[in-house]
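A closer look at the structure
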Amino acid sequence: MERKLDIKTIIAIVGSGLCLALIIIAVMTLIRGKQSKNQVAPEDFSFALTWNVYGVSSYDSLTTKLVKTTDATHPEDYVTSYRMTEEERWKVWQLVQDLDIDSYPDEFDPQNGMSSPTMTLILTVRTAEGEKTVAARDIALSFRSEDDKGQQFLGTCRVIQEMLTATEAWQDLPEYEHFYE
């Protein structure tokens, strides 16, 4: 038996398909919205990083103070303010979570050898639970370590440093006055 569809049936079928498509789109939009809302670092999270040869560069997300170098005739010329985007804060938060900073000693040797000049890395993380600082002073000017924990610390500091030095705020600061060999 051959069955013919009348126009009302066709409209009902198409209409229900469109409704289903709209419902799926709405649900997907809500899911994406929740995912992006969850990708925000806690409000009470802040950090500070000191890096570079002899630790001449630094950033503190709490004060927004970004320092290119303290080794200059007029060090105040190498200071600016930079507020990280929520996306950048989220990335740093994730890095710090993966690092498990509380598992590190306050003074840390990432076992990356020696160099001249040396580098200093100091990472401070602040949350509602408290503050933790890990300092790696006078280490090799290298972001490589044979030690897994050392490599994770060096890698975390390196990613944060690269984020900061890629900003327009950093680029707008004067060129270094002193270069090290």
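Every value quoted in this text rests on a predicted model; they were computed, and no experiment measured them.

Structural notes on the overall build of the chain
Looking only at helices and strands, one finds 4 helices and 6 strands in the chain. Secondary structure of the chain in N-to-C order comes out as α-β-β-β-β-α-β-β-α-α. Looking at the chain residue by residue over its 181 residues, the buried ones come to 38%. Restricting the contact set of the chain to residue pairs at least 6 apart, pairs at least 24 apart contribute 66%. Accessible area of the chain: about 11,600 Å², with a carbon and sulfur share of 54%.

As for the packing of helix H2 (residues 86-99) against helix H3 (residues 148-165)
Two elements in contact, H2 and H3, have axes whose closest approach is 10 Å; the angle formed by their N-to-C orientations is 175 degrees. In terms of orientation, H2 lies roughly antiparallel with respect to H3. Where H2 abuts H3, its residues Glu-88, Lys-91, Val-92, Leu-95, Asp-98 and Leu-99 lie against Gln-152, Phe-153, Thr-156, Val-159, Ile-160 and Met-163. Residue classes in the contact of H2 with H3 are distributed as 7 nonpolar, 2 polar and 3 charged.

Concerning the packing of aromatic side chains
Summed over the entire model, instances satisfying the criterion amount to 8 aromatic pairs. Plain terms: the ring middles of Tyr-59 and Tyr-82 are 6.3 Å apart, the flat faces sit at 55 degrees to each other, and that makes the pair tilted. Of this pair, Tyr-59 sits in strand E2 (residues 57-60) while Tyr-82 is found in the loop between strand E4 (79-81) and H2, placing the two residues 23 residues apart along the sequence. Relative to Phe-153, the ring of Phe-108 lies with its centre 5.6 Å away and its plane at 75 degrees, an arrangement referred to as edge-to-face. With a gap of 45 residues between them, Phe-108 in the loop between H2 and strand E5 (119-127) and Phe-153 in helix H3 connect regions that are remote in the sequence. Note on Phe-108: relative accessible area 12%, which makes it buried. In this structure, Lys-68 packs its charged tip against the face of Tyr-176, placed 5.0 Å from the ring centre.

Rules of the game
- Residues numbered from 1 in each chain as written.
- Predicted model: local features only at pLDDT ≥ 70, side-chain atom pairs only at ≥ 80, totals over all residues.
- Heavy atoms only, no water.
- Helix = DSSP H or I, 4+ residues; strand = E, 2+ residues; numbered from the N terminus.
- Buried < 20%, exposed > 50% of the residue type's maximum accessible area, 1.4 Å probe, protein only.
- Contact = heavy atoms within 4.5 Å.
- Areas by Shrake-Rupley, 256 points an atom, 1.4 Å probe, with all protein chains shown as cover.
- Axes fitted to C-alpha atoms, helices over the stretch in contact; angles between N-to-C directions.
- Parallel < 35°, antiparallel > 145°, perpendicular 65-115°, else oblique.
- Nonpolar A, V, L, I, M, F, W, Y, C, P; charged D, E, K, R; others polar.
- Phe/Tyr/Trp six-rings, centres within 6.5 Å; stacked < 30°, edge-to-face > 60°.
- Lys NZ or Arg CZ within 6 Å of the ring centre and 35° of its normal.

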